Structure formats: C-alpha cells, structure tokens
Amino acid sequence: MRRNPLIELFWRIHPKLYRWSGGRIGSSIMGLPVLLLTTKGRKTGLERTKARMYLPQSEDFIVIASNLGEPNHPMWWLNLEADPNAVVEVGKIRNNVRARQAEGEEREEIWRQLTEKAPEYNHYQSRTTRRIPVVVLERR
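Structural notes, computed from the coordinates. (Residues numbered from 1 in each chain as written. Predicted model: local features only at pLDDT ≥ 70, side-chain atom pairs only at ≥ 80, totals over all residues. Heavy atoms only, no water.)

## Some details on the nonpolar core
Then, in step 1: Membership of the largest hydrophobic core comes to 20 residues, with the highest contact counts inside it found for Ile64 and Tyr121.
Then, in step 2: Among the secondary structure elements, those contributing two or more residues to this core are strand E2 (32-40), strand E3 (47-53), strand E5 (60-64), helix H3 (104-117), helix H4 (120-126) and strand E8 (134-139).
Then, in step 3: If sequence neighbours within four positions are ignored, Tyr121 has contacts with Leu32, Met53, Ile64, Ser66, Trp111, Leu114 and Thr115.
Then, in step 4: Membership of the second largest hydrophobic core comes to 15 residues, among which are Leu37, Tyr54, Trp77 and Val88. (Core = buried A, V, L, I, M, F, W, Y, C linked by side-chain atoms within 4.5 Å. Buried < 20%, exposed > 50% of the residue type's maximum accessible area, 1.4 Å probe, protein only. Helix = DSSP H or I, 4+ residues; strand = E, 2+ residues; numbered from the N terminus. Contact = heavy atoms within 4.5 Å.)

Written out as structure tokens, the structure is:
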C-alpha cells in the first residue's frame, strides 16, 4: 500500500507544532491523547522524535507499533528494541522512560482497552501478518 503524502507531511510537522504549543496543538487524535517519543537511532545514534497516540496506564504510557498495518515494524520501535531508554513529553512535561513489550494477558487486556477507544487498530492488525507490538513505556 502506498502511503498518502499528506499524512506523511502531517506526521512530520505534528511534533514541531506540539512542542511549540506546549502540547495544546495536536494533543489528541482519534480520541486518544498524544505524546512525543524521543528515541536514539539504532544506526546513527541521533535522537528521533515522533508523535504517538497513547493509552495512559497508571504512571506509564502505552503506545502501539502498528505502522498502520504495514508489514514492517515502525523505526521508533526498532530503535526501542535496540535501546529501550527514551524520553516522553506530554504537554510541557518530560519523563524518562524504559520500553518493554507487553505479553500474554497484559497485552490482550491492553489491546481490548485500546480497540474500544480506537477500533482502527483492529483494521491495522487485519492488514498484516506480524503481531503488532504493544509497548509499555515505564517511567524511570
């Protein structure tokens, strides 16, 4: 499937607007809150920041490596697999986090909660043979 260039442009601009506005612009998409996730590039070592929808869970943040149902994992997830330490920004607040993949019953419960709020994720899962990672970003 060919990606829509307007959507690609939106996702490139979004983190800048979010950061510039202190999270007032772009703080919610499809009914889910949005955070900025900064990872270290696994090949370059450079910081990479992406806007991600998330589910708040206690003190942690849940993000989904759906990549819109594409066959490959998103780069930010591959970066976290290489180095699970990252930074999350919600509004003007920065948090150091450590990523881990939810498994078993925990993953199933999170997936159920997520798809109640954003059923599009079931569509993304149906488009790919890979099991979409459910990523828990634990505050450090």
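## Examining helix H1 (residues 5-20)
Because an α-helix completes one turn every 3.6 residues, residues spaced three or four positions apart along the sequence face the same direction.
Then, in step 1: A rise of 1.5 Å per residue sets the reference length of H1, with its 16 residues, at 22 Å; its end C-alpha atoms lie 23 Å apart and thus fit the reference within 8%.
Then, in step 2: If you look at H1, its biggest bend is around 35°, right at Ile13, and the proline Pro15 turns up within four residues after that.
Then, in step 3: Taken residue by residue, H1 has His14, Pro15 and Tyr18 as its buried positions.
Then, in step 4: Downstream of H1 by one or two residues, Gly22 has phi in the positive range, about 65°. (Expected span 1.5 Å × (residues − 1). Bend = angle between axes of the 7 residues up to and from the residue.)

## Quick look at a positive patch on the surface
Then, in step 1: On the surface, Arg12, Lys16, Arg48 and Lys50 cluster together into a positively charged patch.
Then, in step 2: Listed by contribution, the elements that provide at least two residues to the positive patch are H1 and E3.
Then, in step 3: Mapped onto the elements, Arg48 comes out in strand E3. (Patch = residues over 30% accessible without salt bridge, like charges linked within 9 Å, V, L, I, M, F, W, Y side chains within 5 Å. Areas by Shrake-Rupley, 256 points an atom, 1.4 Å probe, with all protein chains shown as cover. Salt bridge = Lys/Arg side-chain N within 4 Å of Asp/Glu carboxyl O. Lys, Arg positive; Asp, Glu negative; His and termini not counted. Charge placed at Lys NZ, Arg CZ, Asp CG, Glu CD.)

## Observations concerning helix H2 (residues 75-82)
Then, in step 1: Listing the buried residues of H2 in full gives Trp76, Trp77, Asn79 and Leu80. What you see down the axis of H2 is that its buried residues fit within an arc of 155°, all on one side. Those residues of H2 that are exposed and aimed more than 90 degrees away from the buried face are Met75 and Ala82.
Then, in step 2: On its buried side, H2 packs onto E2, E3, E5, strand E6 (85-90), strand E7 (93-101) and E8. (Arc of directions from axis to C-beta.)

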